[in-house]
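# Report on the structure
Here's the letter readout for the chains.
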Amino acid sequence: MASSLTKASVRPGTPGSEKTFFGHPRGLATLFMTEMWERFSYYGMRALLPLYLVAPGGLHMNAGTATAIYSVYVSLVYLLTLPGGWVADRFLGPRKTVAVSGAIIMLGHLCLALPVAASFFVGLGLVAIGSGLLKANISTMVGHLYNGPDDARRDGGFTLFYIGINLGAFAAPLLIGTVGENVNWHFGFALAAVGMALGLAQYLLGSRHLSAQSDVVPTPMSPAEKSATLRKGLVWLVIAAVFYGLVGFTGHFTLNWALIPLTVIGLIVPILVIARIRRDKDLDAAEKSKVSAYVWFFVAAAVFWMIYDQGGSTLSLFADGKAENSVLGWGFPVSWYQSVNPVMIMALAPVFAWLWLWLNRRGKEPSTIVKFSSGLVLVGASFFLFLAPLSIADGGHKAAAMWLVGIYFVQTVGELTLSPVGLSVTTKMAPKKYASQMMGVWFLAVTAGDSVTALLSNPAVGGVNLDRTGFVALEAALAVVAGLAVWMYRNKVNRLMGDVR
C-alpha cells in the first residue's frame, strides 16, 4: 500500500505536510494492512474448517459434530474479546497486545497445518485466543490516531479500516480455499499462517507510526493484583485439568462431550455480564432503563447471528454434497461461497449509507427498532429461501449455485440493516461506567447465538440435523416472529431507551 501514501502539502515542515494514507494518519495504513491480513488468515481458515472436518481426507466427522465444533470456535473468538480487552487495559496496552495476538494466531495456523488431530485442535484454540486478543484492541488503536470523537476524519478512517476487513475476507476463500480443497488441506492452513506472518511483519515495521496512546496501559495492575489473578487462573486451570482428566480416565471422554462446557460458558457468560451491569448500584435510573432496553436488542441480535453464522457451516456443508457448484458450466470450490458476503458488503455498504442519509434528510429514516426488526425478518426470509434448494435436494437433484448466492444476498442485506445499527446503539446506550466494555457485550450476542447452534447440532445433546426442512423452517419462523415482536413492543422499548433514538 506504499503507493497510496501521499504528501498532504508540498511545503515541508508545515502542519499537515507529513505523509498520509488517503488523507489519514500513516498509522492507519499499518492497522489497515494488519487487519486485512488477519482477516485473510481467519476467514480463509474458517472457509476450510467445516469442509475439512467432514472430508474423508480430513477428520471425516459427521455434520453435527462438525457444525458444533465450527460454532463453538466462532463463539469463542467473540467471547474472548472481553479478556482480550482486559489484557490490554491491565497488562500490556493495545499495541503490545496486538503484536502478541498476531504471533499466537500465526502459531495456531501452523498447528492446523500439521497433519495431526491433536495439533489441529490446539491450533483452533490458539487462533481463537489470538483473534480475541486482536479484535478487542485493533479498533481501539484506530481511534487513537485521531484527535478525539470530533475529528472530522474519524468516521472516514473507520470506513477505510472496514474495507480492509472485507478485502481480506473476500480474497481468503478464493486463495486459501482453492489450495485447501484442490491441493492439500494442510497447505491451505499453512497459507493462512503465511498471511498472518505478513500481517505481523508489516505491523512490527510500521508500528512507529501508531499513536503513543496505544502504548499506554490504562489501568495497570498492582503486584498484589497480579499475584491474585495468577493464583485464580491457576486454580481454574487445575480444575479444568482434573475434570477432563477424570472424564478421560473413566473412559467417558468424547469430543462431543468436551464441547458441552464450552457451549454452556458461551450461553451463561453473556447472561451474567448483562445482569451484573444491570444490577450495578453506581448506575442511575436512566442508565438502568437503557440497559433494560438493550436486552431487547441483544436477544434479537443473538437470534440473528444464530442463523447468519450458519452461512459458514450449515449452508457450506449443504453446498459440499447437495449443490451444483458451477456457473455456466464453470465449476468452483465450495469454499468460494464464503467470498460472496464480503464482496456484497463492499458493494452495498455505500448504498445503505447513502440511503439512510437520503431518508434522514426527508425525515423518513427508519428508527433503530425498525431497522433491527427488518434485519431479523430478512435473516428469517433467507432461511425460508433455503427451503427451495432443500426441496430440490430432497427430490434427488442438486440445487443450483444461484440459490445459495441468493440466500447470502438476503443475509447480507439483513446484516447491513442490523449490524451497523447495533454497533451504534451499543455506544449510545452504554452507561458511562461501561462505555468501553459495552462493545464487548455486543460481541457476546454472536457468542450466544453460535452457542445455541452448537448445542442443537451436538450429537451428545441435541443432535439436530440443521439442514432439514422442518428445522430450517422453524428457525426462519423464529427470526420473523422475533422481528415482529421487537416491532410490536417498539413503544415500550422506546420508553426504556429514554433520550436515545
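Above this text sits the structure in question.
A brief structural summary. (Residues numbered from 1 in each chain as written. Predicted model: local features only at pLDDT ≥ 70, side-chain atom pairs only at ≥ 80, totals over all residues. Heavy atoms only, no water.)

## Overview of the overall build of the protein chain
Per the secondary structure count, the protein chain includes 17 helices and seven strands. Here the C-alpha radius of gyration of the protein chain, 23 Å, is about what a compact globule of 501 residues would show, namely 23 Å. With respect to the principal axes defined by its C-alpha atoms, the protein chain has extents near 70 × 55 × 55 Å. Across the 501 residues in the protein chain, those meeting the buried criterion constitute 50%. (Helix = DSSP H or I, 4+ residues; strand = E, 2+ residues; numbered from the N terminus. Rg over C-alpha atoms; globule rule 2.2 N^0.38 Å. Buried < 20%, exposed > 50% of the residue type's maximum accessible area, 1.4 Å probe, protein only.)

## Here's the deal with the packing of helix 11 (residues 314–322) against helix 14 (residues 401–429)
The contact between helix 11 and helix 14 brings their axes to 11 Å, and the two run at 170°. In terms of orientation, helix 11 and helix 14 fall into the roughly antiparallel class. Together, L315, S316, F318 and A319 of helix 11 and L404, I407, Y408 and Q411 of helix 14 make up the contact between the two elements. (Axes fitted to C-alpha atoms, helices over the stretch in contact; angles between N-to-C directions. Parallel < 35°, antiparallel > 145°, perpendicular 65-115°, else oblique. Contact = heavy atoms within 4.5 Å.)

## Some details on the packing of aromatic side chains
In this structure the tally under the stated criterion is 26 aromatic pairs. Arranged with centres 5.0 Å apart and planes meeting at 90°, the rings of F304 and W305 form a pair that is edge-to-face. Note on W305: relative accessible area 8%, which makes it buried. On the basis of an interplanar angle of 70° and a centroid distance of 5.9 Å, the ring pair of F352 and W356 is categorised as edge-to-face. With F352 and W356 both in helix 12 (residues 340–361) and four residues apart, the pair spans about one turn of that helix. When sorted by exposure, F352 lands in the same class as W356, which is buried. Members of the aromatic cluster, joined through ring pairs, are Y52, F120, F121, W185 and F189. Sitting over the face of the ring of W356, K371 holds its NZ or CZ atom 4.3 Å from the ring centroid. Sitting above the plane of the W487 ring, R490 keeps its charged end 3.9 Å from the centroid. (Phe/Tyr/Trp six-rings, centres within 6.5 Å; stacked < 30°, edge-to-face > 60°. Lys NZ or Arg CZ within 6 Å of the ring centre and 35° of its normal.)

## Some words on unusual backbone geometry
For H60, which is not glycine, the phi dihedral falls at a positive 55°. Within the element layout of this structure, H60 appears in the loop between helix 1 (27–54) and helix 2 (63–79). Unusually for a residue other than glycine, L328 sits at a positive phi of about 55°. Among the secondary structure elements, L328 is positioned in the loop between strand 5 (326–327) and strand 6 (330–331). Note on L328: relative accessible area 88%, which makes it exposed.

## Things to note about helix 12
In a regular helix each residue adds 1.5 Å, so 22 residues correspond to 32 Å; helix 12 covers 32 Å between its end C-alpha atoms and thus fits that length. The largest bend in helix 12 comes to about 35°, at L348, with the proline P350 one to four residues further on. Turning to helix 12, its buried residues are V340, N341, P342, M344, I345, L348, F352, W356 and L359. Within two residues after helix 12, G363 carries a phi angle of roughly 70°, on the positive side. (Expected span 1.5 Å × (residues − 1). Bend = angle between axes of the 7 residues up to and from the residue.)

## Concerning a nonpolar patch on the surface
A cluster of nonpolar residues, W86, F91, L92 and V100, forms a patch on the protein surface that exposes about 300 Å² of accessible area. Top element by residues in the nonpolar patch is helix 3 (residues 81–92). It accounts for three residues. With respect to the helices and strands, the residue L92 is situated in helix 3. (Patch = residues over 30% accessible without salt bridge, like charges linked within 9 Å, V, L, I, M, F, W, Y side chains within 5 Å. Areas by Shrake-Rupley, 256 points an atom, 1.4 Å probe, with all protein chains shown as cover. Salt bridge = Lys/Arg side-chain N within 4 Å of Asp/Glu carboxyl O.)

## What about the nonpolar core?
In this structure, Y73, Y337 and L404 are the most contacted members of the largest nonpolar core, which totals 95 residues. Beyond its immediate sequence surroundings of up to four residues, L404 is in contact with L315, F318, A319, A323 and Y337. (Core = buried A, V, L, I, M, F, W, Y, C linked by side-chain atoms within 4.5 Å.)

## Points about the pattern of salt bridges
Enumeration according to the criterion identifies eight salt bridges in this entry. Note that D280 is salt-bridged to K433, the shortest N-O span being 2.8 Å. With D280 in the loop between helix 9 (255–279) and helix 10 (285–308) and K433 in the loop between helix 14 and helix 15 (437–457), this residue pair connects regions lying 153 residues apart in the sequence. The structure contains a network of salt bridges with shared partners spanning D280, D282 and K433.

## What about the side chain of E35?
With respect to the secondary-structure elements, E35 resides in helix 1. One buried charged residue, E35, forms no salt bridge at all, with the nearest opposite charge on R39 at 4.1 Å. Apart from residues no more than four positions distant in its own chain, E35 is found in contact with L134, I138, F161 and I165. (Lys, Arg positive; Asp, Glu negative; His and termini not counted.)

## Quick look at the environment of L107
For L107, the location among the structural elements is in helix 4 (residues 94–113). With 23 residues separating them along the chain, L107 and G130 place their C-alpha atoms 9.4 Å apart.

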